[in-house]
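Chains, contacts and geometry: an overview
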Amino acid sequence: MSARLIDGNALARSIRDDVARRVAALAARPACAGGPVVPGLAVVLVGEDAASAVYVRNKVKDCGEVGIASTLDRLPADTSEATLLARIAELNADTKVHGILVQLPLPQHIDAHRVIEAISPAKDADGFHVGNVGQLVVGRPLFRPCTPYGVMRMLEHAGTRLDGAEAVVIGRSNIVGKPQALMLLAAGATVTICHSRTKDLAAHTRRADVLVAAVGRPNLVTADMVKPGATVIDVGMNRGADGKLCGDVDFAGVREVAGAITPVPGGVGPMTRAMLLVNTLEAAERSAG
Ligand code: NAP
């Protein structure tokens, strides 16, 4: 039997509609409640990386569609770390800016860790600052990284039971795998994190009621690795041999075994974009009290 499809496009659309409504409410705030606030996102791009240029263009476009004000700083590839840090300090101090996002990867001469740590934790729209990672670890999240946050919204929407479930996350990056595991743990799942050094990956994945693949390898997860009825979330974004976008999961095979599955494209990708808008809006709501 074919798995139920978890439609990231449709869910992202409804989240964006909700963000637009809340943005409009903030903009209409009466003077007695503190006056109007327009949520603002500052995006900083250093260098000419083609994929990054597309990502930031989409982020700015998404903001415009829901009424969030955005700025895009395009800095040349030879921008010094000191110049970038000075720009971040200006954005930290700018009361019109509620979220700051520095597009990764940065050119090699810039220490990405130092740059992320320079962003005010109260404006860290990506949720990568160690302060926000710590908040997530202790169960008091402020900003959650957009991709795993979007996955959690998809699981909630799909009605997937997490309390007491066996969850397996493949991948242990700081931006997807680790925060994903923490969020699943907070939701009551028993979580296993697998990675490139894991012995017998399939032995772990076959136990999973919820399987999240965040690796970057087409067809890593095949039907024989999936527990019948499991919910399978494919975070991977790869180019297949045919040049088409694909995930980490053999979609055609796995959908015959899983209970629910996300497609690529149209799964986690649009949710990541939507959750950046949520993070920016919520930062503005917090600053507006
Ligand atoms: P990453 O930093 O390269 O991490 C990949 C992880 O996969 C690492 O932990 C690595 O293990 C593990 N891994 C590699 N080969 C493996 C194998 N054969 N078996 C098990 N684990 C293996 O990548 P990322 O930034 O987390 O992104 C992962 C994927 O998600 C990429 O395709 C990326 O494009 C995609 N992505 C999509 C979105 C979206 O919005 N849809 C957002 C972010 C990322 P080690 O740690 O041992 O090296």
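No experiment lies behind these values; they were computed from the predicted model shown.

Turning next to the nonpolar core. If you look at the biggest cluster of nonpolar residues, it comprises 50 residues, and the most contacted ones within it are Val-19 and Leu-184. Broken down by secondary-structure element, the contributors of at least two residues to this core are helix H1 (8–27), strand S2 (40–46), helix H2 (50–66), helix H6 (146–158), strand S5 (166–170), helix H7 (177–186), strand S7 (210–213) and helix H10 (268–287). Counting residues per element, this core draws most heavily on H10, at 9 residues. In contact with Leu-184, not counting residues within four places along its chain, are Met-152, Leu-155, Leu-162, Ala-167, Val-169, Ala-189, Val-191 and Val-212. Counting 18 residues, the second largest nonpolar core, distinct from the first, contains Ala-3, Cys-194, Leu-201 and Ala-202.

Before going further, it helps to spend a moment on the packing of H6 against H10. Contact pair H6 / H10: the axes reach a minimum separation of 8 Å and the direction vectors enclose 105°. Classified by the angle their axes make, H6 and H10 are roughly perpendicular. Contacts from Cys-146, Thr-147, Tyr-149, Gly-150, Val-151, Arg-153 and Met-154 in H6 reach Val-268, Met-271, Thr-272, Met-275, Leu-276, Val-278, Asn-279 and Glu-282 in H10. A breakdown of the residues in the contact of H6 with H10 according to their chemical character gives 9 nonpolar, 4 polar and 2 charged.

Attention now moves to the pattern of salt bridges. This model, assessed by the stated rule, comprises 12 salt bridges. Between Asp-94 and Lys-96 there is a salt bridge, with its nearest N and O atoms 3.6 Å apart. Overall, Asp-94 belongs to the partly exposed group, its relative accessible area being 25%. The partner of Asp-209 in a salt bridge is Lys-227, with the nearest N and O atoms 2.7 Å apart.

Once that is clear, we can look at the sheet that holds S2. Reading across from one edge, S3-S2-S4 is the order of the 3 strands in this open sheet, with parallel pairing throughout. This sheet does not close on itself; its edge strands, each paired only once, are strand S3 (69–75) and strand S4 (99–102). Across the sheet, the axes of successive neighbouring strands diverge by a mean angle of 15°, strand direction being ignored. Across 7 bridges, the pairing between S2 and S3 is parallel. Within S3, the position partnered with Val-43 by the bridge is Leu-72. Relative to S2, H2 is tilted by about 170°, and along the sheet it contacts S2, S3 and S4.

In this section: the pairing of S4. A two-sided burial pattern is seen for S4, the buried positions comprising Gly-99 and Leu-101 on one face and Ile-100 and Val-102 on the other. In this sheet, S4 lies alongside S2 in parallel orientation, the contact comprising 4 bridges. Bridge pairing links Val-43 to Leu-101 in S4.

Our focus in this paragraph is the environment of Cys-246. Examined against the element boundaries, Cys-246 turns out to sit in strand S10 (residues 245–246). Separated by 27 residues in the primary sequence, Cys-246 and Asn-219 have C-alpha atoms spaced 8.7 Å apart. Not counting chain neighbours up to four residues away, the residues in contact with Cys-246 comprise Pro-218, Gly-236, Met-237, Asn-238, Arg-239, Gly-240 and Val-264.

We now examine the site of the ligand. Taken together, 21 residues are adjacent to the ligand, and Arg-172, Ser-173, Ser-196, Met-237 and Thr-272 come closest. Separating an oxygen atom of the ligand from a side-chain N or O atom of Ser-173 is a distance of 2.5 Å. One of the side-chain N or O atoms of Ser-196 is found 2.5 Å from an oxygen atom in the ligand. Here the ligand, which alone exposes 930 Å², has 71% of that area covered by the protein. Top contributing element to the shell around the ligand by residue count: H10, with 3 residues. Looking at the shell around the ligand, its residues break down into 9 nonpolar, 10 polar and 2 charged.

What counts and what doesn't
- Residues numbered from 1 in each chain as written.
- Predicted model: local features only at pLDDT ≥ 70, side-chain atom pairs only at ≥ 80, totals over all residues.
- Heavy atoms only, no water.
- Core = buried A, V, L, I, M, F, W, Y, C linked by side-chain atoms within 4.5 Å.
- Buried < 20%, exposed > 50% of the residue type's maximum accessible area, 1.4 Å probe, protein only.
- Helix = DSSP H or I, 4+ residues; strand = E, 2+ residues; numbered from the N terminus.
- Contact = heavy atoms within 4.5 Å.
- Axes fitted to C-alpha atoms, helices over the stretch in contact; angles between N-to-C directions.
- Parallel < 35°, antiparallel > 145°, perpendicular 65-115°, else oblique.
- Nonpolar A, V, L, I, M, F, W, Y, C, P; charged D, E, K, R; others polar.
- Salt bridge = Lys/Arg side-chain N within 4 Å of Asp/Glu carboxyl O.
- Pairing = 2+ DSSP bridges.
- Near = heavy atom within 4 Å.
- Polar contact = N/O pair within 3.5 Å; in protein donor to acceptor, adjacent residues only side chain to side chain.
- Areas by Shrake-Rupley, 256 points an atom, 1.4 Å probe, with all protein chains shown as cover.

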